[in-house]
Amino acid sequence: RLDQDAALRLRIKAIAAVRIRYGQRRIHVLLRREGWQVNIKRVARLYREEGLAIRTKTPRRRRAAVVRETPAQPTAANQSWAMDFMHDVLADGTKIRLLTIVDIFSRESVALEAAYGFKAPQVVDVLRRASAERGIPQRIRCDNGPEFVSLHLDQWAHWNRVQLDFSRPGRPSDNGFCESFNNRVRQELLNPTWFRSLEEARRQAAEWRLDYNTNHPHSSLGDLSPEEFARHAKNKPN
């Protein structure tokens, strides 16, 4: 049986795709403006039949996100970073968070920041400071936490031409390099240490990061420290 409403269905779907916050009544108004002789009941029926009533969540702009694919292994520092959050408590029971950023190629700790809590603007501030010290990365791997899927981070990444590579839900292995680094932070810094204050946590985190980058031997790097490996790779002839 020929659908007498085929053209009207297509037009309703086209309007709904462009005007994502318009419901059936506003779409009806636009149709009448375009010259469609149709009442609200007919529009409402077609609106429901096309499943448009379930559009309750507004799509968010993601300019810098890349389609999930098997990423190529980086061949130089600053090609790909990975970042994640960790949790700990002070001696008085106050909860703190740590933002960890690691260079996937050299295994260098790009940032290890402690705070009572992080919001998207603070994450962007850490990335700005790290980029000012060592340059802007080409890609950053991260999970789908609210601080990472925020508009603030997306805008920073877009304007700096950084691709955001989000992990698949329930797949922590997508960000395995940062998971491995976080495990080292937990074993060598957080578990053995009681921090009496946030300032002490920040100070010891900075000291540990410096020692890790300059002295920690990595078996995957030929027993070189991250900074030694990055220096050798930079000086190696092509």
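Residues numbered from 1 in each chain as written. Predicted model: local features only at pLDDT ≥ 70, side-chain atom pairs only at ≥ 80, totals over all residues. Heavy atoms only, no water.

## Description of the overall build of the protein chain
Phase 1: Across its full length, the protein chain carries eight helices and five strands.
Phase 2: Taken from N to C terminus, the helices and strands of the protein chain fall in the order α-α-α-β-β-β-α-β-α-β-α-α-α.
Phase 3: Classification of the 238 residues of the protein chain by burial places 41% in the buried group.
Phase 4: Of the contacts made within the protein chain by residues no fewer than 6 positions apart, 62% connect residues no fewer than 24 positions apart.
Phase 5: Carbon and sulfur atoms make up 49% of the accessible area of the protein chain, which amounts to about 14200 Å² in all. (Helix = DSSP H or I, 4+ residues; strand = E, 2+ residues; numbered from the N terminus. Buried < 20%, exposed > 50% of the residue type's maximum accessible area, 1.4 Å probe, protein only. Contact = heavy atoms within 4.5 Å. Areas by Shrake-Rupley, 256 points an atom, 1.4 Å probe, with all protein chains shown as cover.)

## Observations concerning the sheet that holds strand β3 (residues 109–115)
Phase 1: In space, the five strands of this open sheet follow the order β3-β2-β1-β4-β5, with mixed pairing throughout. Each edge of the open sheet is held by one strand with a lone partner, namely β3 and β5 (163–166). Across the sheet, the axes of successive neighbouring strands diverge by a mean angle of 20°, strand direction being ignored.
Phase 2: Examined bridge by bridge, strand β1 (residues 80–89) and strand β2 (residues 95–103) share nine bridges and lie antiparallel to one another. Residue pairing across strands places Phe-85 opposite Leu-99, the latter belonging to β2.
Phase 3: Contacting β1, β2, β3 and β4 (139–142), helix α6 (residues 176–190) crosses the sheet at an angle of about 35° to β1. (Pairing = 2+ DSSP bridges. Axes fitted to C-alpha atoms, helices over the stretch in contact; angles between N-to-C directions.)

## Observations regarding the nonpolar core
Phase 1: Ranked by internal contacts, the top residues of the largest apolar core, which has 24 residues, are Met-83, Ile-101, Leu-127 and Phe-148.
Phase 2: Of all the secondary structure elements, the ones that give two or more residues to this core are β1, β2, β3, α4 (120–134), β4, α5 (151–159) and β5.
Phase 3: Examining the composition of this core, we find that five residues originate from one element, α4, more than from any other.
Phase 4: In terms of nonpolar packing, the next biggest core, distinct from the first, is built from 20 residues, Ile-104, Phe-181, Leu-189 and Leu-198 among them. (Core = buried A, V, L, I, M, F, W, Y, C linked by side-chain atoms within 4.5 Å.)

## What to know about α5
Phase 1: All buried positions along α5 are accounted for by Leu-153, Asp-154, Trp-156 and Ala-157. Take α5 and look down its axis: the buried residues cluster within an arc of 165°, on one side only.
Phase 2: Buried positions along α5 lie against β1, α4, β4 and β5.
Phase 3: Two residues or fewer past α5, Arg-161 is found with a positive phi of approximately 60°. (Arc of directions from axis to C-beta.)

## Considerations on α4
Phase 1: With 15 residues, α4 extends 21 Å between its outermost C-alpha atoms, agreeing within 8% with the 21 Å of an ideal straight helix rising 1.5 Å per residue.
Phase 2: Buried-residue contacts for α4 involve β1, β2, β3, β4 and α5.
Phase 3: Gly-135 sits one or two positions beyond α4 and adopts a positive phi of about 105°. (Expected span 1.5 Å × (residues − 1).)

## Notes on the pattern of salt bridges
Phase 1: The tally for this structure, following the rule as stated, stands at 17 salt bridges.
Phase 2: Two residues, Glu-34 and Arg-11, come together in a salt bridge whose shortest N-O distance is 2.6 Å. Within this pair, whereas Glu-34 is found in helix α2 (residues 24–34), its partner Arg-11 is found in helix α1 (residues 6–18), the two being separated by 23 residues in sequence.
Phase 3: Put simply, Arg-184 and Glu-188 hold a salt bridge, and the shortest N to O gap is 3.7 Å. Placement of the pair is Arg-184 and Glu-188 together in helix α6, with a separation of four residues, close to one helical turn.
Phase 4: Under the relative-accessibility criterion, Arg-184 is labelled partly exposed at 24%.
Phase 5: Sharing partners across several salt bridges, the network here consists of Asp-5, Arg-9, Lys-13, Arg-42, Arg-45, Glu-49 and Glu-50. (Salt bridge = Lys/Arg side-chain N within 4 Å of Asp/Glu carboxyl O.)

## Observations concerning the side chain of Gln-204
Phase 1: Secondary-structure assignment places Gln-204 in helix α7 (residues 198–215).
Phase 2: Setting aside anything within four residues of it in sequence, one finds Gln-204 in contact with Leu-189, Thr-193 and Phe-195.

## Topic: the environment of Arg-231
Phase 1: One can find Arg-231 in helix α8 (residues 226–235).
Phase 2: Taking the C-alpha atoms as reference, Arg-231 lies 9.6 Å from Ala-77; in sequence the two are 154 residues apart.

## So, unusual backbone geometry
Phase 1: Backbone geometry at Asn-78 places phi at a positive 70°, although glycine is not the residue there.
Phase 2: When you line up the elements, Asn-78 lands in the loop between α3 (40–49) and β1.
Phase 3: You will see that Arg-161, though not glycine, has its phi angle at about 60°, which is positive.
Phase 4: The exposure class of Arg-161 is exposed, given its relative accessible area of 77%.

Any link to function would need more than the numbers given here.
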